[in-house]
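Chain by chain, the residues:
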Amino acid sequence: MGFAGTGTIWMNGKLVPWKDATIHVASHVIHYGSGVFEGARCYATPRGSACFRLDAHMQRLIHSAKIYRMEYPLDLAGWQAAVLDTIRANAMKACYIRPLVYRGYDSLGVNPLPNPVDAAIILWEWGAYLGKEALEEGCDVKVASWSRMAPNTLPAMAKSSANYANSALIKMEALTDGYSEGIALDVSGNVSEGSGQNLFLVRDGVIMTPPLASSILGGITRDSILTLAADLGFTVRETVIPREALYIADEVFVVGTAAEVTPIRSIDKIKIGSGRRGPITEALQRTFFDVISGDVPDRHGWLTYVYEEEAGLRAPRAAVGANS
Ligand SMILES: Cc1ncc(COP(=O)(O)O)c(C=O)c1O
């Protein structure tokens, strides 16, 4: 990835030059993972720069903070405005958006409560997470030897920094063993999710994904794919998935803000379906990319356009069609 190291970062309401956006090494979050964060994307579309499901992402941030008893003086509208202001201040056309709420600098007991709740919004350019080629060819993954967190240990629905210690173990193991990603099971041995993606499988034309109770993050891409699959008329089930169902699936794909919709072509060296992107994965991928690129009408109100001055690009579609 690598950061350009330029531009500004939003810190507690102020725009700070990238190199000055630092925190003290005695901040609570560094020692105990006491932070919650988001990962959203702004896309450069022919109709102008647009954030995908910014409201849903910022709502999840607020919920993650609530689970960890962190109060920050911004409501949903305030968070969305802060993100949009930061994108505009940096004149970004397309970027990855990382808002973070964390326990700052006061004392280093395990108890986080004496520490201030601070926040930042960081933007950078980030391309295809599992590689551009993987979007078409699919990638090779393994089932991780690490499980996802047990319920009643760390809450999977909160997107907390602490959960990513588990994700890091899954990811490092997969990379060390020569795979591009790891799929974790939950503590019952059923399929949970990837280190940073939700998982779907297709069998006999039915699309399935593990439920929230399988220790997954309630992904916003997952929710979008469930909606788009239903729009396309597919049967969709949120259901507990045993590990072996992965191997005999016709298609498997992972979804997330970073990974978007990425096909899986093998799991534990077992070929999935035909060993390439399957037709339902391709249909959903195409539909998803059409939505995020603004190529089709935004039926679900998922795009927030960033720049008022680009409003001219958003001429009503009917009028565009009439002139062409
Ligand atoms: C563990 C985990 N699961 C699922 C996802 C996908 O969530 P979303 O689609 O909201 O990005 C992510 C994304 O960062 C993740 O980290």
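In the block above lies the structure referred to throughout.
Right, let's walk through the structure included here. All values derive from a computational prediction rather than experimental measurement. (Residues numbered from 1 in each chain as written. Predicted model: local features only at pLDDT ≥ 70, side-chain atom pairs only at ≥ 80, totals over all residues. Heavy atoms only, no water.)

**Let's talk about the packing of aromatic side chains**
To describe a pair of aromatic rings, one takes the distance between the centres and the angle between the planes. Counted only if it meets this: Aromatic rings from Phe, Tyr and Trp, taking only the six-membered ring of Trp, are treated as a pair when their centres fall within 6.5 Å; an angle between ring planes under 30 degrees marks them as stacked, one over 60 as edge-to-face, and anything in between as tilted. Put simply, DSSP marks the helices as runs of H or I at least four residues long and the strands as runs of E at least two long, and each gets a number from the N terminus on. Exposure categories follow from relative accessible area, calculated using a 1.4 Å probe and restricted to protein chains: below 20% of the type maximum is buried, above 50% is exposed, and the middle band is partly exposed.
Tallying each qualifying case throughout the model produces 13 aromatic pairs. For the ring pair tyrosine 96 and tryptophan 124, a centre distance of 5.0 Å and an interplane angle of 45° mean the geometry is tilted. Within this pair, whereas tyrosine 96 is found in strand E6 (residues 95–103), its partner tryptophan 124 is found in strand E7 (residues 117–124), the two being separated by 28 residues in sequence. Just as tyrosine 96 is buried, tryptophan 124 falls in that class too.

**What to know about the side chain of serine 27**
As a reminder, the rule being used: Residue contacts are counted whenever heavy atoms from the two residues lie within 4.5 Å of one another.
Here serine 27 lies in the loop between strand E2 (14–17) and helix H1 (28–32). Apart from the residues within four sequence positions on either side, serine 27 is in contact with Arg103, Gly104, Tyr105 and Leu108.

**Observations concerning the site of the ligand**
For clarity, the threshold we go by: We define proximity as follows: a residue is near a molecule or strand when any one of its heavy atoms falls within 4 Å of that partner. Throughout this description, a polar contact denotes any pair of N or O atoms lying within 3.5 Å of each other; where both atoms belong to protein, one of them has to be capable of donating a hydrogen while the other can accept it, and for residues adjacent in sequence the pair is counted only when both atoms sit in side chains. Each accessible area is a Shrake-Rupley result for a 1.4 Å probe, and residues are judged covered by the shown protein chains and nothing else. Residues were grouped as follows: Ala, Val, Leu, Ile, Met, Phe, Trp, Tyr, Cys and Pro as nonpolar; Asp, Glu, Lys and Arg as charged; and all remaining residues, including Gly, as polar.
Near the ligand you find 16 residues, and of these Lys159, Tyr164, Glu193, Thr221 and Thr257 are the closest. A distance of 2.6 Å is found between an oxygen atom of the ligand and a side-chain nitrogen or oxygen belonging to threonine 257. When the ligand is considered free in solution it has 380 Å² of accessible area, and contact with the protein chains removes 95% of it. Its residues placed into classes, the shell around the ligand shows 3 nonpolar, 9 polar and 4 charged.

**Points about the nonpolar core**
Basically, it comes down to this: Put simply, buried Ala, Val, Leu, Ile, Met, Phe, Trp, Tyr and Cys residues joined by side-chain atoms within 4.5 Å make one nonpolar core.
Of all hydrophobic cores here, the largest spans 26 residues; its most connected members are Cys51, Trp79, Ile87, Ile97, Val101 and Ile121. Breaking this core down by element, the ones donating at least two residues are strand E4 (40–45), helix H2 (54–67), helix H3 (76–89), E6 and E7. The element best represented in this core is H3, accounting for 5 residues. Among all residues touching valine 101, those that are not within four sequence positions of it are Ser34, Gly35, Val36, Leu61, Met70, Trp79, Val117, Asp118 and Ala119.

What is shown is where atoms sit, not what they do.
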